[in-house]
Structure formats: structure tokens, C-alpha cells
Amino acid sequence: MITIRNLSKQYKNGEWALQHINLSIENGMFGLLGPNGAGKTTLMRILATLLHPTEGDVLLHGVPLTEPHRVRGMLGYLPQYFQVYPQLTAFEFLDYVGVMKGLDDKRKRKEEIEHLLEKVNLANKGKSKVKTFSGGMKQRLGIAQALLGSPRVLIVDEPTAGLDPEERVRFRNLLTQFSIDRTVLLSTHIVADIETSCRKLAVLNRGEVALTGSVHELGAYAEGSVWELEVSEQEFAAFSPSQIVSTSRTEHGIVCRVVSASCPGLYAAAVKPTLEDGYLALLGGVRHA
Ligand SMILES: Nc1ncnc2c1ncn2[C@@H]1O[C@H](COP(=O)(O)OP(=O)(O)OP(=O)(O)O)[C@@H](O)[C@H]1O
């Protein structure tokens, strides 16, 4: 359980990256969704005790950030730009992280590393140098290092950016498995990452919580505001790009899916919103009257 109360962060250049964030994050997987620059990494770094908040406080299972050693003892963190020493093998790297985490019993550490390598589908890669790994394999190694020591809270910052679709699905499934008995906070700007794996989410925009609730509630935000219609190329050019969710070409023109508070054309048909529609409507300030 993570409790965030009235959290704000101002950087030295005067920029407020977070303003008055209040969130209660329970066990299971929680999605933190937001566009670039929304403040996700700033929030994650604060929770990981790498950055001090300007105002407000946070409790991880009742422990405040002002006790960083206790917080770190229950926390696993996969940063956005995860770096690994390329010359180390996967096992050597995890062994090094394990020592850093204070896992002093060599035999138990070896057992845990072997178990984790198996969990993240790298069991046959323990002796391979990390420099030979693909992006997806590195991310899976990253989640293994975060899970060393069995932390109760796992914080994962944009882990699927740059992965191909197959690896992305695989990585999501892994996180879902790991969220069964712990709190997993997943930050992403990819709506599909949240859709299948998280029951609860928050949308962060310009440093503020724009919405918190269930995946269903985010989709429902666009109820009555999503339309499909076929238009000519000239009519298409009149739409604001931020309104258009998707397009497909036909013999006569372009079929568009549009998020708009009012009906965008005579032949537009209202359609059921997806999670992505809800997200775009929320960020675009669109709401059906
Ligand atoms: N060290 C810093 N000094 C000043 N401003 C910063 C610093 N780090 C981030 N910011 C600003 O704070 C805001 C939030 O940035 P942050 O990286 O937390 O967002 P984000 O949601 O993680 O975005 P992205 O997905 O692009 O990583 C942005 O406007 C960014 O420019």
C-alpha cells in the first residue's frame, strides 16, 4: 500500500513537475498513465527515495520517505533508463545487485538469482554477457534485479518503451504475475500497457492527477464523445489532429474515429469508447455535454 498526500515537487529552475498529488495505491498492479513531461518519472524517483519532494509526504506500508533505509528495504525499482555493466554476465550482474541489497548469504543469493532468471525467461542466459542481450532481455533482467530480495513494492518506470510488440506483451504478463502478492506501480504513456493488466489507474497531466479510478472509468470518460464517419480528404484536413483517434482509407475517402464533445458531421455515428478514447478525451479536455 502506498499513500501519497499533497505531494508537490519544484525543480531548481522553478518548474513545478508535480502539484498536490493525492493517491492511495493498494496491492496489485496500479497504472500511472500520462504523456511525456506529465511528471511520472519525478513521482517514481521520489517514491524510490532518489529525489526529495518539495511538499507533502508518502507512506510505503506505513513507513515515511523520511526513513529512506526502511523504504529501500521494501522497494524494488526499475528506472526508465536502466543501465547494466555490459561486460558482466546476467548472473554476475544480479549477484552484484544482490550484494548491494545486503543479501549476504551466498548460497541463498545464488538460489534466488537462479529462481528469478527462470521467472523472467532468462534461465539459459545466466552465463551470457549482458552486451549480447536484446532490449527486451535487458528489461527482463532489469525486473529480475528489482525483484531481488522479494520487495513488497515494485516501481517500474516506462518499461515497455522501445520494446517490440511481442516483448511488450511478454513483459506485461510478467508484471501481472509479480503483482499477485505485492504492490506494483507501472508508469507508462502507452494505454495498452494499462488496459489488460491494471484494475486501478491514475492519469497524470502537467503535474496534476487528471483522473483516478478504474480502467472502466477512464474509458467511460469519453462516453457520448466518440464518433465514426467517412469524410473526403478536404473535410479530413479540417479536423484538429488531436481529435482524431484513428483513420482508414476507403475507395471514396477516409473513415475517421474522432473524439469530440459535439457531433462532428451529418453522417457521424456515435460509437462505444475504448480506453484510449477516454484517455484522449481526458487529455484534450473533451466531455460530452
Ligand atoms: N532535473 C530537472 N530539472 C528541471 N525540470 C525537470 C527536471 N526533470 C524533469 N523536469 C521537468 O519536469 C516535468 C516532468 O518531467 P518528468 O520527467 O517527471 O515527466 P515524465 O512524465 O516522466 O515524462 P517522460 O515520459 O518524457 O519521461 C517536465 O516538464 C520536465 O521538463
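Just so we're clear, the structure is a prediction, and the values are computed from it rather than from any experiment. (Residues numbered from 1 in each chain as written. Predicted model: local features only at pLDDT ≥ 70, side-chain atom pairs only at ≥ 80, totals over all residues. Heavy atoms only, no water.)

**Q** Got a sec to walk through the layout of surface pockets? Specific residues and values, please.
**A** In this structure, the largest pocket encloses a volume near 570 Å³. What lines the largest pocket is a set of 23 residues, among which R72, L75, Y77, K101 and Q145 lie closest to the centre. Elements supplying a minimum of two residues to the lining of the largest pocket: helix 2 (68-73), strand 6 (75-78), helix 3 (90-100) and helix 5 (135-147). When its residues are assigned to classes, the lining of the largest pocket shows 13 nonpolar, seven polar and three charged. (1 Å grid on protein atoms, 1.4 Å probe; cavity = no way out; pocket = protein on both sides within 12 Å on 5 of 7 lines; lining within 4 Å. Points joined across faces, edges and corners; volume = space filled by probe spheres on them. Helix = DSSP H or I, 4+ residues; strand = E, 2+ residues; numbered from the N terminus. Nonpolar A, V, L, I, M, F, W, Y, C, P; charged D, E, K, R; others polar.)

**Q** Outline the site of the ligand, listing residues and values.
**A** Taken together, 14 residues sit near the ligand, with E15, G37, T41, T42 and E158 positioned nearest. A distance of 3.2 Å is found between an oxygen atom of the ligand and a side-chain nitrogen or oxygen belonging to N36. Take G37: an N or O atom from its main chain is 2.7 Å from an oxygen atom of the ligand. Here the ligand loses 65% of its free accessible area of 630 Å² to cover by the protein chains. (Near = heavy atom within 4 Å. Polar contact = N/O pair within 3.5 Å; in protein donor to acceptor, adjacent residues only side chain to side chain. Areas by Shrake-Rupley, 256 points an atom, 1.4 Å probe, with all protein chains shown as cover.)

**Q** Could you give me a rundown of helix 3, with the residues and numbers involved?
**A** Buried residues of helix 3: A90, F93, L94, V97 and G98, and no others. In an axial view of helix 3, the angular spread of the buried residues amounts to 135°, which keeps them on one side of the axis. Here the buried face of helix 3 lies against helix 4 (106-119) and helix 5. Directly beyond the C-terminal end of helix 3, a positive phi value near 85° is found at G102. (Buried < 20%, exposed > 50% of the residue type's maximum accessible area, 1.4 Å probe, protein only. Arc of directions from axis to C-beta. Contact = heavy atoms within 4.5 Å.)

Keep in mind these values describe shape, not function.
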